[in-house]
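Listed below are the residues making up each chain.
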Amino acid sequence: MEHRREIRFLLNDATVVLDAVAAEDTLLEFLRLTRRLTGTKEGCAEGDCGACTVLVGRIAAGELVYEPVNACIRLLPSLDGCHVVTVEHLADAVGGLHPVQDAMVADHGSQCGFCTPGVVMALAALRVTTPAPSEDEIETALQGNLCRCTGYAPIVRAALAACHEDRRKDSLVSGRAAALARLRALRDGRRAEVGRDDSHAILPADVDDLAAVLAAHPDATVVAGATDVGLWITKGMRRISPAVFIGHLDGLRQVETEAGGLRIGAGATYTEAEGPLCSSFPHLRDYLSRIAGWQVRNMGTIGGNIANGSPIGDMPPVLIALGAELTLRQGDKRRALPLEDYFLDYGKQDRAPGEFVESVFVPKPTPGAVHAAYKVSKRRDEDISSVAAAFNVTLQDGKISAARIAFGGMAATPRRATAAEAALIGASWVEDSLIAAAAELPADFTPITDWRASSTYRMTVAQNLFRRFWLEHAEGADTVRLHRAAEGVE
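Bear in mind the structure is a predicted one, so any value in this text is a computation, not a measurement.

K.L.:
It is not clear to me how the environment of Leu76 should be interpreted in this structure. Could you clarify?
P.N.:
One can find Leu76 in the loop between β4 (63-70) and β5 (83-85). Of the residues examined, Leu76 reaches a relative accessible area of 3% and is grouped as buried. Considered as a pair, Leu76 and Asp25 are 51 residues apart in the sequence and their alpha carbons are 5.5 Å apart. With residues up to four places along the chain from it excluded, the contact list for Leu76 reads Ile7, Phe9, Leu18, Val21, Asp25, Thr26, Leu27 and Phe30.

Pasting the structure below:
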């Protein structure tokens, strides 16, 4: 079948067809400079402040799903087959304000106004996805939107008012069926290839086609959510051509329960994987909510966080501690690899040219296992980890029979604390055993000092997390913790 030489998507009410598109083109620049839709603002240009938030609708399981994303790092080729909604499109049929906009006015949720369009878009998405959200759910939805003026209280009041109104007249609800039909008409199942000047983007037709594309272009940049790659472009001014975009491939986004565990497609986003992961591993609920903000969790992928090999990626320590295994594919050949063995050295992973991460398998919890995951960062929400830690300890008859403990931010790669593990295995399940294991961490890691944390801070925090793990999971730990808090120890 002949390749398509254009990308096609909906922008508000219009169908957009583009053939001259560079791999590095961002949605934000297209909206502001080409379409003059200037309600979408540029603040940080790195997916941090939320001023550029728009909604992107995509077909998932036969339905149209709208998600808030950061337009500053969303790359234009990735929008093929999607519906982009900007703040200008929220007005009703006669030009009246959207309920979220009305509530923001009534509750004085805007002062300087720069962040307001992004806040409105995030809350508009919340309004159609979460009936009658709680204040906690509203605050979670706003993690990716920074406001320096209001203190957030009036924004939360506006959200409570707007999100409890009747949603049936909302354009994002009433117009969904028509938008879904238009998106289905744009689908043709073909590979799309576009370019401008010397920059090219390829969108494979399916996962098999992806394998063929990477065999032909083994040095291509693979782009999933672009939450890292976007910064290469906006901050590092890097060229990524030829770039192979994979976010549209349903075959990489599946999250399925199998005999023995959970298989997560490499293209599944944090948002898509969160429910199944937390169902199998409830200890991850709080941890996953600390990863970035809503917009980034809608874009960033589990496989991308692994594949780029960052020593401070949030997911590898958790998955290593759980005993996860990767499936890597090159052409028609697949191989399985323990996740911990994928990371070889700083910037170096066990992945051959043309090979890609296809899925990650997470085995079921072992009976008697005690789990925990911790993220330590300068800012509570939407910040990169200084230290990330995950514990997986198996208890039998009051003793520790197995231990898998992994850290991020402590070495050139995410890595297990093997000396600390050895100190635990066979030891009694008592606080002194955890303290003794923590004392072994200098044999496992020599952390560096950088602008996120000093080496001393990292080591101290990592050792303290062993005690936290004990206090939170030992029998009677709640009582112990309350007494220590009352004594001013914590």
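Here the narrative resumes.
K.L.:
Just checking my understanding: could you explain the layout of surface pockets for this structure?
P.N.:
The space that makes up the second largest pocket amounts to roughly 690 Å³. If you trace the second largest pocket, you find 41 residues lining it, with Asp80, Arg187, Gly247, His248 and Leu249 closest to the centre. Of all elements in the fold, only β3 (53-60), β4 and α12 (294-299) reach the threshold of two or more residues within the lining of the second largest pocket. No other element matches the three residues that β3 contributes to the lining of the second largest pocket. Per-class residue counts for the lining of the second largest pocket are 18 nonpolar, eleven polar and twelve charged.

K.L.:
What exactly am I supposed to notice about the packing of aromatic side chains here?
P.N.:
The geometry of two aromatic rings is summed up by the distance between their centres and the angle between their planes. Per the stated rule, a full pass over the model turns up ten aromatic pairs. Relative to Phe466, the ring of Phe391 lies with its centre 5.0 Å away and its plane at 85°, an arrangement referred to as edge-to-face. Here the residue Phe391 occupies a position in strand β18 (residues 387-396), and Phe466 occupies one in helix α19 (residues 455-473), the gap between them amounting to 75 residues. Residue class for Phe391 comes out buried when judged on its relative accessible area of 1%. Judged by relative accessible area, Phe466 falls into the buried class, the value being 1%. An aromatic cluster of at least three residues, connected via ring pairs, comprises Tyr374, Phe391, Phe407, Trp429, Phe445, Phe466, Phe469 and Trp470. We note Arg238 situated over the ring of Trp232; from NZ or CZ to the ring centre the distance is 4.0 Å.

K.L.:
Help me out: how do you make sense of the sheet that holds strand β12 (residues 325-330) in this one?
P.N.:
One key point about sheets: their strands pair by backbone hydrogen bonds, in either a parallel or an antiparallel sense. The antiparallel open sheet is built from five strands, whose spatial order is β10-β11-β16-β12-β13. Strand pairing shows two members of the sheet lacking a second neighbour, β10 (255-258) and β13 (333-338), which therefore form its edges. Adjacent strand axes in the sheet meet at a mean angle of 25°, parallel and antiparallel pairs treated alike. With four bridges joining them, β10 and strand β11 (residues 261-265) adopt antiparallel strand pairing. Paired with Glu256 across the bridge in β11 is Arg263. Relative to the sheet, helix α8 (residues 207-216) contacts β12 and β16 (356-363), its axis offset from that of β16 by approximately 130°. Helix α10 (residues 270-280) rests against β10 and β11 of the sheet, and its axis sits at about 180° to β11.

K.L.:
What am I meant to see in the nonpolar core here?
P.N.:
Inside soluble globular proteins, nonpolar side chains tend to come together where they are buried. Judged by nonpolar contacts, the single largest core of 37 residues is most densely connected at Ile264, Leu277, Ile302, Ile306, Leu319, Leu339 and Tyr342. The biggest single contributor to this core is helix α14 (residues 315-321), with five residues. Ignoring sequence-local partners within four residues, the contact set of Leu319 consists of Ile302, Ile306, Ala324, Leu339, Val360 and Val362.

K.L.:
I'm lost on helix α5 (residues 153-162) in this one. Help?
P.N.:
Since the α-helix packs 3.6 residues into each turn, any two residues three or four apart lie on the same face. Along α5, the positions that sit buried rather than exposed are Pro154, Ile155, Val156, Ala158, Ala159 and Ala162. Turning to α5, the residues buried within the fold contact α2 (99-106), α3 (116-129) and α4 (135-141).

K.L.:
Got a minute to help me understand the packing of α2 against α3 in this structure?
P.N.:
To describe two helices that pack against each other, one gives the angle between their axes and the distance between the axes. Here α2 crosses α3 at 125°, and the two axes come no closer than 9 Å. Put simply, α2 runs oblique to α3. As α2 runs across α3, the sense of the crossing is right-handed. In this structure, α2 contributes Pro99, Val100, Gln101 and Met104 to the contact, and α3 contributes Thr116, Val119, Val120, Leu123, Ala124 and Arg127. By residue class, the composition of the contact of α2 with α3 is seven nonpolar, two polar and one charged.

K.L.:
I would appreciate a short explanation of the confidence of the model for the protein in the present structure.
P.N.:
As a general rule, the predicted coordinates of low-pLDDT regions are not to be interpreted in detail. Confidence in the prediction for the protein averages 94 pLDDT; 97% of positions are at 70 or higher. Under a pLDDT of 50 for its full length, residues 476-490 has, in the predicted model, 17 contacts with residues more than four places off or in other chains.

K.L.:
Would you take a moment to explain the sheet that holds β5 for this structure?
P.N.:
Read from one edge to the other, the open sheet built from five strands follows the order β2-β1-β5-β3-β4, with strand pairing classed as mixed. Each edge of the open sheet carries a strand with a single partner, namely β2 (14-18) and β4. Strand-to-strand twist of the sheet, defined as the mean angle between neighbouring strand axes without regard to direction, takes the value 30°. Two elements, β3 and β4, share eight bridges in a ladder whose sense is antiparallel.

What counts, and at which threshold
Residues numbered from 1 in each chain as written. Predicted model: local features only at pLDDT ≥ 70, side-chain atom pairs only at ≥ 80, totals over all residues. Heavy atoms only, no water. Helix = DSSP H or I, 4+ residues; strand = E, 2+ residues; numbered from the N terminus. Buried < 20%, exposed > 50% of the residue type's maximum accessible area, 1.4 Å probe, protein only. Contact = heavy atoms within 4.5 Å. 1 Å grid on protein atoms, 1.4 Å probe; cavity = no way out; pocket = protein on both sides within 12 Å on 5 of 7 lines; lining within 4 Å. Points joined across faces, edges and corners; volume = space filled by probe spheres on them. Nonpolar A, V, L, I, M, F, W, Y, C, P; charged D, E, K, R; others polar. Phe/Tyr/Trp six-rings, centres within 6.5 Å; stacked < 30°, edge-to-face > 60°. Lys NZ or Arg CZ within 6 Å of the ring centre and 35° of its normal. Pairing = 2+ DSSP bridges. Axes fitted to C-alpha atoms, helices over the stretch in contact; angles between N-to-C directions. Core = buried A, V, L, I, M, F, W, Y, C linked by side-chain atoms within 4.5 Å. Parallel < 35°, antiparallel > 145°, perpendicular 65-115°, else oblique. Left-handed = near helix turned anticlockwise from the far one by under 90°. pLDDT = per-residue confidence, 0-100.

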